[in-house]
Amino acid sequence: MRPLAHTPAMDVMLTIHFALAWLVAICAVFFSWNALGRRVMNAVLGLQVLAGLIVAGLLGASHAPMPPLLIGHVLLGFAALIAYAVARRLGDRPGGAGRALIASIVGLLCIASAIYLGLHMTGQV
Ligand code: HEM
């Protein structure tokens, strides 16, 4: 049961955001570990953040109260995007594989936390 009254457009966008969340999670598990995979992560995370911005915009436009956890959720989303961009840069440098791996793991943890907060905000966990 979602805590907030959503418009039809918000429900469509939230469903897209929900589906993309699991695509991001699956990609993070399988694609975080090499240069090509990190390119894929940058792309799907970029899509997810864009979808999140649209959901947040629709939520704001519906004058519904913003969930208190939303700021943390948004920051985690952007942190994941930055972590994979850093991982890609580090991975391209000679001897940078270890630090790129650490940045990828940070990105994966940010995604998992963003998913948990997202599900919590919508009353599913
Ligand atoms: C790694 C990136 C992100 C992931 C994995 C993610 C995941 C999720 C998930 C799983 C939900 C619950 C969806 C549902 O129950 O149908 C959610 C809700 C939401 N997300 Fe994200 N999200 C991410 C980034 C963002 C960003 C960057 C924004 C905004 C700029 C955002 C805004 C929202 C909003 C507004 C909600 C709905 C809150 C509500 O209705 O109470 N998300 N997110």
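Anything mentioned here points back to the structure above.
Per-chain numbering applies: the sequence of each chain, read as written, is numbered from 1 onward. Totals for whole chains, interfaces and linings use all residues, but because this is a predicted model, local features are given only for residues with pLDDT of at least 70 and pairs of side-chain atoms are given and counted only at 80 or more. Excluded from the side-chain calculation are hydrogens and water; included are all heavy atoms of the structure.

### Looking at the overall build of the protein chain
At step 1: The numbering of helices and of strands both runs from the N terminus, where a helix is a DSSP run of H or I of at least 4 residues and a strand a run of E of at least 2. A count of helices and strands for the protein chain gives four helices and zero strands.
At step 2: For 125 residues, the compact-globule formula gives about 14 Å, and the C-alpha radius of gyration of the protein chain, at 15 Å, lands near that figure.
At step 3: Taking the principal axes of the C-alpha coordinates as reference, the protein chain spans close to 50 × 20 × 20 Å.
At step 4: When each of the 125 residues of the protein chain is scored for burial, the buried share is 38%.
At step 5: Whether two residues are in contact is decided by their heavy atoms, any of which lying within 4.5 Å being enough. The long-range share in the protein chain, meaning contacts at least 24 apart out of those at least 6 apart in sequence, stands at 73%.
At step 6: In this description, accessible areas are obtained by the Shrake-Rupley approach with a 1.4 Å probe, and a residue is regarded as covered only by the protein chains that are shown. Surface accessibility of the protein chain: about 7100 Å² in total, with carbon and sulfur atoms responsible for 76%. Our radius of gyration is a C-alpha quantity, and the globule rule it is checked against amounts to 2.2 Å times the number of residues to the power 0.38. Exposure is judged per residue with a 1.4 Å probe applied to protein chains only, and the accessible area is read against the type maximum: over 50% gives exposed, under 20% gives buried, and values in between give partly exposed.

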